[in-house]
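A structural walkthrough
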Amino acid sequence: MANGPPLSTVTRSFSLLDVLHANQFEGKSFDPEILEETEENFYRGAPPKWLNFHISEQAEIDGTGSPFIKRDGYDKLEKQIHKLRKHPGISIVKLLHQPGCGGTTLAMKVLWDFRKTLRSAVLTDSTSDITKVAEEVVHLFTAGSRGDQKTVLLLVNGVQVLEDLQVSIIRTSANQKIVTRMPVVVLLSCIREDADLKSDDVLLQEVLSDSEKNHFNDKKAELNKQYGDKCKRFHGFNIMQSNFSEAYIQEACSVFKTIKETGIQEKPQLAAFLSLLNAYVPDSYLLESQCLDVFKHANDGHRDISLEDRLDDFSHLIITIQPDGSEKRVRMAHPLIAQCCTELMAEAGVTRSDTAKQLLTCLCRDKVPRSLVAFVKYMLTKRRPKQKECSASDSFSRLILHIKTKEDDSQCVSLLEMATNMFDRNPFFPQALARFHCIVLRDYDQAEMWAKEAKQRDPQNSVVADTLGQVHKNRLKNLRRPAKPGGILALALKAIQAFETNEERLAKDEVGTNVKINGHDSRFFNYRGMFGFLQVCNLVYDLLVRQNPTWRGVLTKKVSLDSALPSLGDRSLLRFNGLIYRLRDAVEKKCAFLDGFLTYSKPDIKEDDPEYISRETLACYRKYVGDSTSSHLKEQGADLIQKLKLKQAATTTGVLSCLDRECTESDLKEITTLWEEICLHKDPDTAMVNNIFAHIMLRNMGATQSDCNHLTAFKQEMHLTDKPEAHMLALLLHWPTDNEDTCILDLSAMIKRTQDLYKQAYAKHFRSRYLRPLFFIGKGQELNRIVHRTVLEESACQAMKDWSDEKIFQVPSVKERLLKVQGEIRGYRLFATVDGKEIEVVANLRNSLWRKRKVSFYLGFTIKGPVAFAIQTESADTKELLSEMDSSKQWPRGLFKFGACGDEMDARDFTKLKPEVNRVDEVQTYSLQSDAGNYECSVSGLRWGCKEEVSFKYKFLSWEEHMRSSVCKDYMPAGPLMDITVTSGQIEEVHLPHSVCIDQTSTFSGQFAVLHVGPCCDVVEDVPKVTSSHIKFLQPTFPPRGVMIRKMAGIPFYYDVLIYKTNKEFLALDVYVMPCDSALRQEVEEKQKSSGSILILNPGPDKSMQMGEHVSLTTDQVYAIIQPSARELRYESIFFEVLIRNTDSDFTLRLQSGKDTLWTCTFHKGDYQKQSAEH
């Protein structure tokens, strides 16, 4: 381990991470009153503190308490984190939970238990500067020293920042040139809201399993014995122990049932405020000073009485917490208690709206703390996340919906009006009020008034501005029929002006500003104004054409409004001539934009846009543009363009989206022909691009091939327009394959030009959205090798909604269709190897870029350029690689034939030599020198034979990276991975050690292989000779090598047990069980030596153990705690911690598998004074 600064020094400067240290609280004493208060508050319902876990752990060690209760999701979380530790990069584990069911406690328990093996921390503010958070995470990972890396386990509440945080951590790691083979961070996302549950996610609900019930019942008996009557106030614990019993909650809140007789006074009033907040706003609270303000009109003689005493009979329902350096915070003991109290208050005649209004009156008159403003805003305006189709439950906050259903609409209005007046600068209260008048009451005059007020308060916010357009749109939608055309057009004009002149302009201007959308900086282009415009146009068309079919010709510009007036019968309609004249063109323009917006991009890598967006956009296009021919066709070729508009293919985007909508083969053939004709009339460069794209789409549909007359001209002349689509086509056509000539195009320059044009044309609108892959490079020639995304989806029989799951590329028909591209990852960048040149391309999954390596991948193309999918470590033909690795030496005949080396030699035939140990740059090397003869290294068991004096050195390498290679997927390590360098002389034979138990009757000897680590990739070799302890090579070369064995059940290994006594005031033993592998032993010895632990000599196991077997460590010492209780044997060191408070007699440790004892060792009283630091 590198000698970096202590971790406590490194983390002292952190402002956004609460770091849990491996030795947290060790050696520290506490006032017993503090310990008791901390425990009581936790059981009453306060959030857990790290001290709670320490107290529980110490009680377990002392034998005075049972283990901290782990809910059933613990094991799944633990297994996922262990699994993710094996992969470099950034990983996410999600814990979904309902408030009050122990989700935060479970997450913190996981962090506590991993604190010694990972660096545990909590993100204290999810709205923080993400760049600063990433810097602190990477700094914690390195602990201020490049040689002291350890994965960070970071608890993050919510999901909003996860994507940005991942990107920022990767960028920070790249900037700092971090080199690692372990994950930098595992993000444990704790989510308290509705979310889609994936198979790997852990869900915690308000119901206990049978085993959980037993644990809670045992703990209750323990608490009753320890705390007596105080347990009646432990509502946080009791609610869970009772399996969230409604009867218990009702009984706990029974004091509220007296309100009907006594009336609402200060005590129940404060409890009602807290209940309402906690019932509708997660993690909400009131400051203690705010609570005392409620009592300020009471008798001054009670001024010195504590808040708890003032609350009297209500005090047991309320808890007080005090974060470090902050004022005390007051809240209800449990969310279910808050909900029950709110309901009981309503039954007593004190409604939710009454309580909310009283809260505003009492606590929001003067200067209001920012925390309370945020809680009130959330309570009155926070809507549920939008579903795929809009519904009433998406429209308002839970409190407003409950007041609406349990009271009446007028109370919703008066409450929102009160908040609007009190917070006279906040735009979100009048916005919610406008929406309620619009959607529920359909009072559009009031809705318009409040929407304008909201806009006036925040004139630069496009989401707020959208409300006014939505009000006008809904008024138009709900017009009483029959409505006069003039009235319809007047309303439409107001809606269109609201959407066009306000939101569309504001949405574009919000790039790079501090405009807040739902409380967060705007990261996306708000296209809802554009879509709202099209919705209004849909309504206008339907309303007018239904009254008089003549309107169809007017709205589509087939006839002018003036010429249609005799049929329409109202000359006053001429005042809308300007609106009508530009309506069709505006629809066409906005539909074209949204077509590209939805074809080229999606909200994120996992989700698609709601289906109704494209459905209504297409419907509007067909009404105004696609079902009629305008009479204003004057330009040459305009009739051809109009025919293309009927096919929705008059733009490049329209052609590229043909396979995403209902487009037949005959449609595509006509589209192809039309664009070919247009090449003769106007804009031949654009027409040529569209014609070639149409041919590509036609071939992807499986149509009979036809000649593309413009293909050769395009490739040779390269008359590219300043559009990214044309440059994408050039890249697709010129990207070389194995069967094509050298590329004449400067691919790097073309990619850079494509990216620049993308920034000019689309980056402003596509910001934060995921760019869809449009095409992939296949194995055919010219146009036939360009594969559209939908073809892959059809081959895999699945529509790709989630592009973070690249399993589609494992489907045999997909693999057969696509071309593998070779490349290399280095410095967090990916380079494709093309004609001996390196071309930088983007990776679809940034997590693939952590490790330097040779790779292969499939190449897709977005509107921004090439993107690599399904990146895999490259493997090649074994024979070719062996030739490349050592072309100067001839491999001996029969080297890879089992049994080619004669009989096994006895261990007594080898002379043991002790190596010289050196340490350079934290790497330990072993040097040996010998005369002619046969020898064995006393450290590693490596054997060699030589006919002359030789000297060489070796070091151990990690298996971790290589076992992820595809060539190793069917194998597991069976011995150390060794890098041997001969410095003089020649070694005739070398014997690599293994730890598999084989004898004359063994069936495993034929399953061995040797990993050969080469400069470009890994190769698996056959073994020349297997002995009971070694693999033997004649006339060897020396690339790094290690023995492996094929994965299969029941393989026995020889294991060793190392026991260390740690530096604690009581007996604490670290027990390691590991295969007899000197590299694993070295790793443990270095770790324990650095912490000052002392090795206890013990006889090793005298029998083999099977890999994958579950073993447990037990003892006859009554007061001993062993954790964990059981582990699975793997090819790594597994760890047990033995804690014994009182050791006044002999005791025995046993390693068992079921009823079988695999190893036993007795420790005699007084032996610890005889310990030796050496084995």
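For the structure, see preceding data.
So, a few notes on the structure that sits alongside this text. What you are looking at is a predicted structure, and each value in this text was computed from that prediction instead of being measured.

Rules behind the numbers
- Residues numbered from 1 in each chain as written.
- Predicted model: local features only at pLDDT ≥ 70, side-chain atom pairs only at ≥ 80, totals over all residues.
- Heavy atoms only, no water.
- Phe/Tyr/Trp six-rings, centres within 6.5 Å; stacked < 30°, edge-to-face > 60°.
- Buried < 20%, exposed > 50% of the residue type's maximum accessible area, 1.4 Å probe, protein only.
- Helix = DSSP H or I, 4+ residues; strand = E, 2+ residues; numbered from the N terminus.
- Lys NZ or Arg CZ within 6 Å of the ring centre and 35° of its normal.
- Contact = heavy atoms within 4.5 Å.
- Pairing = 2+ DSSP bridges.
- Axes fitted to C-alpha atoms, helices over the stretch in contact; angles between N-to-C directions.
- Expected span 1.5 Å × (residues − 1).
- Salt bridge = Lys/Arg side-chain N within 4 Å of Asp/Glu carboxyl O.

Attention now moves to the packing of aromatic side chains. Under the criterion given, the structure shown has 46 aromatic pairs. Summarising the aromatic geometry, the rings of Phe25 and Phe30 are spaced 5.7 Å apart at their centres and angled 70° between planes, so their arrangement reads as edge-to-face. Classification of Phe25 by relative accessible area gives buried; the value is 17%. Ring centres of Phe525 and Phe593 lie 5.8 Å apart, and the angle between their planes is 70°; on these two criteria the pair is classed as edge-to-face. Taken together, the residues span a long stretch of sequence, with Phe525 in the loop between strand S11 (520-521) and helix H24 (528-547) and Phe593 in helix H27 (residues 577-600) at a distance of 68 residues. We classify Phe525 as buried; its relative accessible area is 3%. Aromatic ring contacts, followed pair by pair, group Phe25, Phe30, Phe42, Tyr43, Trp50, Phe53, Phe68, Trp112, Phe216, Tyr227, Phe234 and Phe237 into a single cluster. For the cation-ring pair, Arg115 lies above Trp112, with the distance from its terminal atom to the ring centre recorded as 3.9 Å.

With respect to the element layout, Ile641 can be found in helix H29 (residues 638-646). If we skip the residues at most four places from it in the chain, Ile641 touches Ala650, Trp675 and Ile678.

As a general point, the strands of a sheet are linked pairwise by backbone hydrogen bonds and lie either parallel or antiparallel. If you walk across this open sheet you meet the six strands as S1-S3-S4-S5-S2-S6, and the pairing is mixed. Of all the strands in the sheet, the pair left with one neighbour each is strand S1 (17-20) and strand S6 (202-204). Strand-to-strand, the axes of this sheet are offset by a mean angle of 25°, without reference to chain direction. Both strand S4 (residues 152-157) and strand S5 (residues 183-191) contribute to a ladder of six bridges, which runs parallel. Note that in S5 the partner of Leu154 across the bridge is Leu187. Packed on one face of the sheet, helix H4 (residues 73-84) meets strand S2 (89-97), S4, S5 and S6 and runs near 170° to S2. Packing of helix H7 (residues 162-175) onto the sheet brings it into contact with S2, S4 and S5, and relative to S5 it is tilted by some 165°.

Another aspect to go through is helix H32 (residues 684-700). Compared with an ideal rise of 1.5 Å per residue, which puts 17 residues at 24 Å, H32 spans 24 Å between its outermost C-alpha atoms and is within 8% of the ideal. By the criterion of burial, H32 is predominantly enclosed, with 14 of the 17 residues buried. Remark: Gly702 follows H32 within two positions and exhibits a positive phi of approximately 90°.

Right, let's talk about the sheet that holds strand S25 (residues 943-946) for a bit. Taken together, the five strands give an open sheet; going across it, the order is S21-S24-S25-S28-S31, and neighbouring strands pair in mixed fashion. The sheet terminates laterally at strand S21 (911-913) and strand S31 (1030-1034), the two strands that pair on one side only. For this sheet, the mean angle separating the axes of adjacent strands, direction not counted, is 25°. Bridge count between strand S24 (residues 933-937) and S25: four bridges; the pairing is antiparallel. What sits directly across from Asn934, in S25, is Gly945.

Tallying each qualifying case throughout the model produces 47 salt bridges. Across the salt bridge formed by Glu611 and Arg615, the nearest N and O atoms sit 2.4 Å from each other. Within this pair, Glu611 and its partner Arg615 are both found in helix H28 (residues 611-626), separated by four residues, close to a single helical turn. Under the relative-accessibility criterion, Glu611 is labelled partly exposed at 45%. Take Arg615: its relative accessible area is 40%, and that puts it in the partly exposed class. The partner of Glu793 in a salt bridge is Arg789, and the shortest N-O contact between them spans 3.6 Å. With Glu793 and Arg789 both in helix H36 (residues 789-796), this residue pair falls four residues apart, about one helical turn. Pair check on accessibility: Glu793 and Arg789 agree, each one buried.

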